[in-house]
Amino acid sequence: MIRMDMDKPDSERSKVKVAIRLRPFRFRPFLHSSEREEPCLRILDRQSVSIMNYRDHRESVVYSFDWCYGPDNTQQELYEEAVKPELSHVLRGQNASVFAYGPTGTGKTHTMVGTSGNPGVIPRAVGDLLQASQAAAETKLWTVSFSISYLEIYQEKVRDLLDTNKQDLPIRQDRSGAILVPGLTERVIDSYTQFERIFMPASRHRMTASTQLNHTSSRSHSLLMLRVVKAEQVAPFRRFLGKLHLVDLAGSEDNRRTGNSGVRLKESGSINSSLFALSKVVDALNQGSACVPYRESKLTRLLQDSLGGSAHTVMVTNLAPEQRCLFDSTSALNFASKSKQVVNRPLTLQSQQPVMKRRLSNSNDGDLGRNALLATHHDAENTSLIEPLLKQQKTFQMEVWERLESIERLVSHGNMQPVEIALDALKERNQQQRQPLKCGSNSPVVQAGTAGGNSTPVGVVAPFGKPQDVHLNAFLPTAVCDTEGSVKVYEAVDSNAPQFNEKRKQLVLDILNHGNMRQLKALQKVGEKRAKLIISWREEHGPFTEMEDLTKVEGLTSKVVNSFWMANVTCNI
């Protein structure tokens, strides 16, 4: 199995980067030239923009951002300066997100998708990543593989754009905190031509409609997910997994100006609701709130990694310069200004590809070759630890075959009494051959025998950090592992013997002094809260010498300790 390790957050936290893009001015025909509009928004320099004060048109407000692009700036300039530097993070096993935000009709889809003659962010980013993979493959040291998924959020339903039969997919979160969509189609690509054949037809499945402000208004949020796996072909065989999310958000709409009604009005309500939830998430992050409302909408759930998560994020805010769009442009600038304060903590997702060692079958092994073991340890120390286990496994398999053959011979002669004697002999021999093992991540779990002929199991020897989910009233462990991996073995004792309570007391003390969280919770009268208190106390003051020392732990009174004593030491099993 390949073990996935996530690095600690970078020492320099990554803030959300914001780029402003101003589309060209659109003139409306008027009867009188005096009624012509004046721009309410203008770019001052490459990092600042000025907008008319909504409450007093004689004043202006200046905002500062990472980049500001006017109508004269090209798609290439925006991509090269704001987006392309983030691609290097993806190839290093980190996540990156780029999303376009702004009111309806400001050119968000043009920024992200573009046209065949003037491609946007998505085609350019995919092309550059594929080109980087080819350059890495030429060195013979790395291989890079790509896969894409494409979805839209339409009226709070996640729809698969690569497979239109999947109309309402769930959103889940795995144990590592990553957001995923089970059942979402994923296509492997190895060339830009193949990407175009997949992406362009899928883009036509996205919901669009005509409004008074935009003839091809997007009625849904779209998200293209590009998964990049970079594997090293020489030792130490590292493997990096990075993801690039390219998001085209639907624009906020003022239904008084769009003229929406019926289905269009319902779509507009869903869009505005999800964008409002996005604004609440940004506010909660900036205020340091312990509860961030990511689950209020499907959009914020999918963008959880991009805002306050573990991704490098670039937000392109598209604006309209017309005075009739002043309120929408002011709201978009205020949101962009808040978003650039959001801090992400990028993580590197890296795995170690193991060196596989296979015991090949030969003439001496016979059928044992089919059960060959795989050693998945790449360093010499772990390999030396596994070799004795491999030899022991081979010897054990040979003995099993010999015993089965002897039993088969007895059965073939029709003499059942010797068979029963042979089985008893085998059981006795197994009990004699059992040996306690040292603790460690490579030690197998070994179940101990029973005491005094009692059929109840009396113990388990388990690696430290992986205790068996057992209760002391049902099982009495015969070995306890401390934090350094050594084992203290206790002789199996009959529960009716006079020395039983003393041995049980010593065992419980060792668990209190050396057991981990799960081993402590296996004790009676100890839950998660008390286990944490016990671990905290012993780390500060040292081990417990007597059971009465538990009264020194905060929250454990004499009454509680006596109850603990009765439940774990003086009870009979």
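Please refer to the structure placed before this passage.
First, a word on scope: everything that follows refers to the structure included in this document. (Residues numbered from 1 in each chain as written. Predicted model: local features only at pLDDT ≥ 70, side-chain atom pairs only at ≥ 80, totals over all residues. Heavy atoms only, no water.)

### Quick look at the side chain of serine 268
Definition in use: Helix numbering and strand numbering both begin at the N terminus, where a helix is a DSSP run of H or I of at least 4 residues and a strand a DSSP run of E of at least 2. In protein, a polar contact means a hydrogen-donor-capable atom and an acceptor-capable atom, both N or O and within 3.5 Å, with residues adjacent in sequence counting only if both atoms are side-chain atoms; elsewhere, any N or O pair within 3.5 Å suffices. Any two residues whose heavy atoms approach within 4.5 Å are treated as being in contact.
Inspection of the secondary structure puts serine 268 in helix α7 (residues 263-286). Here the side chain of serine 268 touches glutamate 253 through a polar contact of 3.1 Å, side chain to side chain. Here asparagine 255 takes part through its side chain, which lies 2.9 Å from a polar atom of the side chain of serine 268. If near-sequence neighbours (up to four positions away) are discounted, serine 268 is found in contact with Arg219, Glu253, Asn255 and Asn260.

### As for the sheet that holds strand β5 (residues 48-52)
Note the following rule: If DSSP finds at least two bridges between two strands, the strands pair. Geometry is summarised by axes, namely lines fitted to C-alpha atoms with helices restricted to the contacting stretch, and by angles between N-to-C directions that run from 0 to 180 degrees.
Strands sit in the order β4-β5-β6 across an open sheet of 3 strands; the sheet is antiparallel. Two strands lie at the open edges of the sheet, namely β4 (41-45) and β6 (60-64), each paired on one side alone. Adjacent strand axes in the sheet meet at a mean angle of 25° when their direction is disregarded. Of the pairings in the sheet, the one linking β5 to β6 comprises 5 bridges and is antiparallel in character. Counterpart to serine 48 in the pairing with β6 is serine 64.

### Let's talk about helix α9 (residues 326-339)
What counts is decided by this rule: The span expected for a helix works out to 1.5 Å for each residue beyond the first. When a residue's accessible area, from a 1.4 Å probe over protein chains only, is under 20% of the maximum for its type it is buried; when over 50% it is exposed; and in between it is partly exposed.
For α9, spanning 14 residues, the distance from its first C-alpha to its last is 20 Å, which sits close to the expected 20 Å at 1.5 Å a residue. Of all the residues in α9, the buried ones are Leu326, Asp328, Ser329, Thr330, Ala332, Leu333, Phe335, Ala336 and Ser339.

### Side note on the packing of helix α4 (residues 121-138) against helix α5 (residues 192-203)
Operational definition: In this scheme the crossing of two helices becomes right-handed for a clockwise turn of the near helix relative to the far one and left-handed for an anticlockwise turn of less than a right angle. Note on residue classes: Ala, Val, Leu, Ile, Met, Phe, Trp, Tyr, Cys and Pro are nonpolar, Asp, Glu, Lys and Arg are charged, and everything else, Gly too, is polar.
Contact geometry for α4 and α5: axes closest at 10 Å, N-to-C directions at 145°. When the axes of α4 and α5 are compared, the crossing they make is right-handed. Judged by residue contacts, Ile122, Pro123, Val126, Gly127 and Leu130 of α4 engage Tyr192, Phe195 and Phe199 from α5. Grouping the amino acids of the contact of α4 with α5 by side-chain chemistry returns 7 nonpolar, 1 polar and no charged.

### Concerning unusual backbone geometry
Between alanine 235 and proline 236 the backbone carries a cis peptide bond, its omega angle lying at 10°. Checked against the element boundaries, proline 236 lands in the loop between β16 (221-232) and β17 (238-248). The backbone of glutamine 155 shows a phi angle near 50°, a positive value even though the residue is not glycine. Position of glutamine 155 relative to the elements: it lies in the loop between β9 (142-154) and β10 (157-160). In the Ramachandran plot, glutamate 156 falls in the positive-phi region, its phi being about 65° despite a non-glycine side chain. Overall, the relative accessible area of 29% leaves glutamate 156 in the partly exposed class.

### Remarks on the nonpolar core
What counts, and what does not: Residues enter a nonpolar core if they are buried and are Ala, Val, Leu, Ile, Met, Phe, Trp, Tyr or Cys, with the set joined through side-chain atoms within 4.5 Å.
Ranked by size, the top nonpolar core spans 43 residues in total, and within it Phe65, Leu151 and Leu333 carry the most contacts. Take this core: its biggest share by element is 5 residues, from α9. Residues within four places of phenylalanine 65 in sequence aside, it is in contact with Val18, Ile20, Gln47, Val49, Leu333, Ala336, Ser337 and Lys340. One finds Leu130, Leu162, Leu244 and Leu246 within the second-largest nonpolar core, a separate group that totals 42 residues.

### Digging into the pattern of salt bridges
Rule in force here: Salt bridges are counted wherever a side-chain nitrogen of Lys or Arg sits within 4 Å of a carboxyl oxygen of Asp or Glu.
Under the defined criterion, the tally for this structure stands at 17 salt bridges. As a salt-bridge pair, aspartate 328 and arginine 257 come within 3.0 Å of each other at their nearest N and O atoms. Placement of the pair is aspartate 328 in helix α9 and arginine 257 in helix α6 (residues 255-258), with a sequence separation of 71 residues. A relative accessible area of 16% means that aspartate 328 is categorised as buried. Here the salt bridges share partners, and the residues they tie into one network are Arg219, Glu253, Arg264 and Glu267.

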